[in-house]
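# Descriptive analysis of the structure
Here's the letter readout for the chains.
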Amino acid sequence: MPMPEPILSVKALKKIFGGLLALSDVSFSVAEGEIYGVIGPNGAGKTTLFSCLVGSLPPTSGSILFRGREIAGLPNYAVVARGLVSTHQIARPFRDMTVEANVSIGAHFGAGRRRGADARRRVADILERTGLGARAGSLAMALPIGDLKRLEIARALATEPAVLCLDEVMGGLNPSEIVAAMSLVRAIRDSGLTVLMIEHHVHAVAGVTDRILVLNFGEMIAEGVPRDVLRNPEVVAAYLGDDAGAA
Amino acid sequence: MKAFPWVAGAALGVLALAAPLVLERGTLNDVWSLAFAVILASAWNLLGGFAGQVSLGYSAFLGIGAYATVLLSLRGMNPFLTLPLGAALAAAFSVLIGLPAFRLRGPYFTIATIGVGEVVRVCASSVSFTGGSSGLRMPPGTFDFTLNYLSMVALAIAVVALAAFVKRSAFGQALAAIRQDIDAAEALGIDSTRFKLAAHALSAALVAVAGGLYAINFQYIAPGSVFDFRLSLSIVLMPIVGGVGTIAGPVLGALVFSTLQIKLLSIPALRDSYLFIYGTLLIVVMLFEPKGILGLVRRVFNRRLRRFYADA
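### Remarks on the overall build of chain A
The number of helices and strands found in chain A is ten helices and ten strands. Radius of gyration (C-alpha) of chain A: 18 Å, near the 18 Å computed for a compact globule of 247 residues. Dimensions of chain A, computed from C-alpha atoms along their principal axes, come out at roughly 55 × 40 × 40 Å. In chain A, buried positions account for 45% of the 247 residues. Across chain A, every contact between residues at least 6 apart in sequence was considered, and the portion connecting residues at least 24 apart equals 63%.

### A few points about the overall build of chain B
In terms of helices and strands, chain B carries 14 helices and two strands. In terms of overall size, chain B behaves like a compact globule, its C-alpha atoms giving a radius of gyration of 20 Å where 312 residues would be expected to give roughly 20 Å. Its C-alpha atoms give chain B principal-axis dimensions of roughly 65 × 50 × 35 Å. Looking at chain B residue by residue over its 312 residues, the buried ones come to 45%. At a minimum sequence separation of 6, the contacts of chain B that also span at least 24 residues come to 77%.

### As for the interface of chain A and chain B
The interface is formed by 21 residues belonging to chain A together with 15 residues belonging to chain B. Listed by contribution, the elements that provide at least two residues to the side of chain A that touches chain B are α2 (76-82) and α3 (99-109) of chain A. Here the residues of the side of chain A that touches chain B sort into eight nonpolar, eight polar and five charged.

### Regarding the domain arrangement of chain A
Frequently, the measure chosen for interface size is the accessible area that the parts lose on association. Residues and elements named next belong to chain A. For chain A, the assigned domains are domain 1 (1-83 + 161-247) and domain 2 (93-159). In this structure, domain 1 and domain 2 have C-alpha centres spaced 24 Å apart. Contacts between domain 1 and domain 2 engage twelve residues on the former and eleven residues on the latter. Counting residues per element, the side of domain 1 that touches domain 2 draws most heavily on α2, at three residues. Each residue belonging to the side of domain 1 that touches domain 2 can be placed in one class, and the counts come to eight nonpolar, two polar and two charged.

### Things to note about the pairing of strand β8 (residues 194-198) of chain A
All names here are of chain A. Taken across its five residues, β8 has five buried, putting it largely inside the fold. Strand direction decides the pairing type here: strand β3 (residues 35-39) and β8, joined by four bridges, are parallel. Bridging from a neighbouring strand, Ile35 pairs with Val195 of β8. One ladder, built from five bridges, connects strand β7 (residues 163-167) with β8; its direction is parallel. By the bridge assignment for β8, Asp167 is matched with Ile198. On the question of chirality, the crossover connecting β7 to the parallel β8 by way of helix α6 (residues 175-190) is right-handed.

### Some remarks on the sheet that holds strand β2 (residues 20-30) of chain A
All names here are of chain A. The antiparallel open sheet is built from four strands, whose spatial order is β2-β1-β4-β5. The open sheet has two free edges, formed respectively by β2 and β5 (69-70), since each of these has just one partner strand. Alignment of strand β1 (residues 8-17) against strand β4 (residues 61-66), held across five bridges, turns out to be antiparallel. Each bridged residue has a counterpart across the sheet, and for Val10 the counterpart in β4 is Ile64. Across the sheet, helix α1 (residues 46-54) lies against β1, β2 and β4, angled at about 65° from β2, the strand it touches most.

### Examining the sheet that holds β7(A)
Backbone-to-backbone hydrogen bonds pair the strands of a sheet. The strands run either parallel or antiparallel. Residue and element names in this part refer to chain A. The mixed open sheet is built from six strands, whose spatial order is β6-β7-β8-β3-β9-β10. Each edge of the open sheet is held by one strand with a lone partner, namely β6 (84-86) and β10 (219-224). For this sheet, the mean inter-axis angle between neighbouring strands, taken without regard to orientation, is 15°. Strands β3, β6, β7, β8 and β9 (211-216) of the sheet are contacted by α1, whose axis makes an angle of about 145° with β6. Sheet strands in contact with α6 are β3, β7 and β8, and its direction is about 150° off that of β8.

### Considering unusual backbone geometry
Residue and element names in this part refer to chain A. Positive phi outside glycine occurs at Ala12, with the angle close to 50°. Among the secondary structure elements, Ala12 is positioned in strand β1. Take Ala12: there are 13 C-beta atoms within 10 Å of it, and that puts it in the partly exposed class. Even without glycine at this site, Asp25 takes up a positive phi of about 55°. Its place among the elements puts Asp25 in strand β2.

About the criteria used
- Residues numbered from 1 in each chain as written.
- Chains lettered and ligands numbered in written order.
- Predicted model: local features only at pLDDT ≥ 70, side-chain atom pairs only at ≥ 80, totals over all residues.
- Helix = DSSP H or I, 4+ residues; strand = E, 2+ residues; numbered from the N terminus.
- Rg over C-alpha atoms; globule rule 2.2 N^0.38 Å.
- Buried ≥ 20, exposed ≤ 12 C-beta atoms within 10 Å, placed from the backbone.
- Contact = placed C-beta atoms within 7 Å.
- Nonpolar A, V, L, I, M, F, W, Y, C, P; charged D, E, K, R; others polar.
- Domains from an automatic or database assignment.
- Pairing = 2+ DSSP bridges.
- Right-handed = clockwise from strand over helix to strand, strands pointing away.
- Axes fitted to C-alpha atoms, helices over the stretch in contact; angles between N-to-C directions.

Next up, the structure:
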């Protein structure tokens, strides 16, 4: 398959915490407009990978090319300013601020750097798209888990990224909320963004992603279209244990 | 309703500025002290309250402003023209100490600032051009009480207005985000170090101007007075007791503090006990109303309001 110039290209990315090899030699590319899934068992290094991509953790070595420019080692805020943003696995809202104020932080200080009425329009639009319109005036601390996940997405969208990394935005949601979240992810892609997503919910990932990367103990064990990857014996073994893989 | 604090604040400001026409010198001195306390508390609140970076080193900026004014006045400058220079010097110094100190978080940052304040005090007492521990006197003919009074009150009004403006601005919003979750703030594009440095520099400059005015009014400064650690402590206590991170809170705290200090200082046996009383007040506030006096007022007021509507 002929690939266009990738928007994000990761080469030999490595992250070591003390004596623990959290990511070893991870390399992959994501094309513009793709929905790219990252799956793996607990502790596989998925969130560490996202943290290294956006710069909230410095990678030990390796290269991250975003729109053709090296961003490995840049601080988080600088990566966000270039158009690559990630949500938090455990929602981290500004609790004493309203939903609207939370989202406007992204609009003011992200890649868009909008001010005044321009920022307010943008925030209102995002709140509408993420289904938080009715919650605009509520304090973030009063939100239920589903809305907190949406708020994470809304804030990240408000920074006007080219690539949006979603870290388990479907965790803790009920089945109907998951369906809604899946269509939100598709809508985000259709609006012109590239999406990377970590997800535990394998059916949700398979239903929405174009390609999947599988991590296990910090190593890539498979990459490809969901139906192939999910049948890969090594992937099955990683998820269900070696015996199941052998059977 | 929303305009009320502004109208009340503006009216108080005008009254304070007009006070020299009717009030006697002793009372004006008390208002001067209140204005001085309001500036220190509100300026500290820009970094400590809005951005949540609790610094215990603010006497350094007060002292830098005071020493800049006296040293430059002794070299023939108009004392009031020295104020912006003292402010610039304090702002530059705040950046210098902020660059390493802002790498630390929470209590570690606070501890580092205690060290900075003490180092500055020791330096000022040991080098000769500051007059060492015996201090410095302003050149004669630089005292004009009415002018001192008006400039301190005007600065207090300006600082409170500036704080209100900052709180509503995008800058204030970034500081609030940093206070609530610094990592989440960075993840949305906020360069937290830059914003903390800016808030630090702004508040340091304002405190330095107050320090310069202090020197002009008292005509004499020494490391033991302007670089005193107890001063740094008072600067922190006022906004916390009044209501940290708010506009009216530091003003209320300053009012409580300067009243206590004036009343207690007039009793010789209790000269130094105001810190003890203030410490007790602080513990009570922390235990029962962490949002300070302002939080208490709001709570009581809201309850009254609810009861009023329930009865009606």
